[in-house]
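Commentary on secondary and tertiary structure
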Amino acid sequence: MKTYTFHVSIPGTGRVWRKIEMQADQTLEDLHFAIQRAYDWDADHLYSFFMSNQAWDEASEYRLPEGYTPWGEPIEVEEEEPPELSPEEQEAFLRELYGDADITLEEMKEDLRAFFEKLGEAPRPGDVRETTVGQLDLEEGQVFMYLFDYGAEWRFSVRVHAINEEAPEDVEYPRIVQSVGEALEQYW
């Protein structure tokens, strides 16, 4: 069985880090919860992994999809149908949106269609619930960022410490392999 061992630390906080070993078929969501357990935190905020090691780099981001709680549960929301706008109300809205722009109503509509088409082509973040660590083509020494709590922005450095192609199968993963230093308090 293949496993990955991650060295997880919070830069600038001194000699405090954890090593966590995971199976290749476990997800980034599993890694998130393992880090939370290793630091004895509550896992009560949203989070992202940035494989480029750069915060807010959307091209390398993995996170929960919109509409999920920090625990990966769907948020139940009653959706209301948007009100139907008359052609006059649509034009008034578009004129307000475009301000004093000297373009026709049809040009405004075409501009908005093109905008929404581009949004659909934009890279989407990866889903932490579906992405396994084995799918990431990780190499020993590679570093990426785990950003927890978008308000507090706890930025963890995650380094691939080891890759074991022949790990024991009779062990429960993920597991904390080594713990150094006293974990920081989540709310201080």
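Everything discussed here concerns the structure shown above.
Attention in this report is confined to the structure presented alongside it. (Residues numbered from 1 in each chain as written. Predicted model: local features only at pLDDT ≥ 70, side-chain atom pairs only at ≥ 80, totals over all residues. Heavy atoms only, no water.)

1. Focus: the packing of aromatic side chains
Threshold: Under the pairing criterion, centres of Phe, Tyr and Trp rings, with the six-membered ring standing for Trp, must be within 6.5 Å; the plane angle then separates stacked pairs below 30 degrees from edge-to-face pairs above 60, leaving the rest tilted. Buried means the residue's accessible area, taken with a 1.4 Å probe over protein chains only, is under 20% of the maximum for its type, while exposed means over 50%, and partly exposed covers the values in between.
Under the criterion given, the structure shown has 15 aromatic pairs. Ring plane angle 65° and centroid distance 5.8 Å describe the contact between Phe50 and Trp56, whose orientation is recorded as edge-to-face. Phe50 sits in the buried class, given a relative accessible area of 0%. Judged by its relative accessible area of 39%, Trp56 is partly exposed. What links up through ring pairs into an aromatic cluster is the set Tyr4, Phe6, Tyr39, Trp41, Tyr47, Phe49, Phe144, Tyr146, Phe148, Trp154 and Phe156.

2. Considering the environment of Asp127
The line we're drawing: Think of it this way: any DSSP run of H or I at least four residues long counts as a helix, any run of E at least two long counts as a strand, and we number them from the N terminus. As used in this structure description, the phrase polar contact means that two N or O atoms lie within 3.5 Å; if the pair is within protein, one of them must be able to donate a hydrogen and the other to accept it, and residues adjacent in sequence are counted only when both atoms belong to side chains.
Within the secondary structure, Asp127 is located in strand E5 (residues 126-127). Judged by its relative accessible area of 13%, Asp127 is buried. Once the C-alpha coordinates of Asp127 and Pro65 are considered, the two residues, 62 residues apart in sequence, prove to be 6.4 Å apart. Only 2.5 Å separates the side chain of Asp127 from the side chain of Arg129, close enough to count as a polar contact.

3. So, the pairing of strand E7 (residues 154-164)
Here is the key point about a regular strand: its side chains alternate between the two faces of the sheet. To keep things clear, this is the line we draw: Any two strands with at least two DSSP-identified bridges between them are counted as paired.
Pairing between strand E1 (residues 3-9) and E7: seven bridges, direction antiparallel. Paired with Thr5 across the strands is Ala162, a residue of E7. With six bridges joining them, strand E6 (residues 143-148) and E7 adopt antiparallel strand pairing. Bridge pairing in E7 places Leu147 opposite Arg155. Remark: five residues form the turn of the hairpin made by E6 and E7, two consecutive strands paired antiparallel; Asp149 in that turn has positive phi of roughly 70°.

4. Notes on the sheet that holds E1
Taken in spatial order, the eight strands line up as E5-E4-E3-E6-E7-E1-E2-E8 in an open sheet, and their pairing is mixed. What marks the edges here is a single partner per strand, and that holds for E5 and strand E8 (175-180). Of the pairings in the sheet, the one linking strand E2 (residues 17-23) to E8 comprises five bridges and is antiparallel in character. Counted as the bridge partner of Arg18 is Ser179 from E8.

5. Focus on helix H2 (residues 87-98)
Put simply, the test is: Multiplying 1.5 Å by the residue count of a helix minus one yields the expected span of that helix.
Helix length check: H2 (twelve residues) gives 16 Å between terminal C-alpha atoms against 16 Å at 1.5 Å per residue, within 8%. Looking at the residues trailing H2, positive phi occurs at Gly99, about 60°.

6. Focus on helix H1 (residues 28-38)
For the α-helix, the turn length of 3.6 residues means that residues three or four positions removed from each other point alike. When you tally the buried positions in H1, you get eight out of eleven residues, the bulk of the element. Considered for burial, the residues of H1 that qualify are Leu28, Glu29, Leu31, His32, Ala34, Ile35, Gln36 and Ala38. For H1, the side-chain oxygen to backbone nitrogen distance between the N-cap and Glu29 is 3.3 Å, and the N-cap itself is Thr27.

7. As for a nonpolar patch on the surface
The test is simple: Patch membership requires over 30% relative accessible area and the absence of a salt bridge. Like charges are linked within 9 Å, and nonpolar side chains (Val, Leu, Ile, Met, Phe, Trp, Tyr) within 5 Å. Reported accessibility uses the Shrake-Rupley method at a 1.4 Å probe radius. Residues are deemed covered only where the shown protein chains occlude them. Only one rule defines a salt bridge in this text: a Lys or Arg side-chain nitrogen within 4 Å of an Asp or Glu carboxyl oxygen.
Residues Leu85, Phe93 and Leu97 make up a contiguous nonpolar surface patch of about 300 Å² in total accessible area. With respect to the helices and strands, Leu97 occurs in helix H2. Classification of Leu97 by relative accessible area gives partly exposed; the value is 48%.

8. Structural notes on the pattern of salt bridges
One pass over the structure, following the stated rule, counts eight salt bridges. Here Glu61 makes a salt bridge to Arg63, at a shortest N to O gap of 3.6 Å. A network of salt bridges, in which partner residues are shared, links Glu61, Arg63 and Glu66.

9. Notes on the environment of Glu73
Condition: Residues are treated as being in contact if the distance between any of their heavy atoms lies within 4.5 Å.
Its location among the elements puts Glu73 in the loop between strand E4 (61-63) and H2. For Glu73, a relative accessible area of 47% puts it in the partly exposed group. Here Glu73 is in contact with Gly67 and Tyr68, once residues within four sequence places are set aside.

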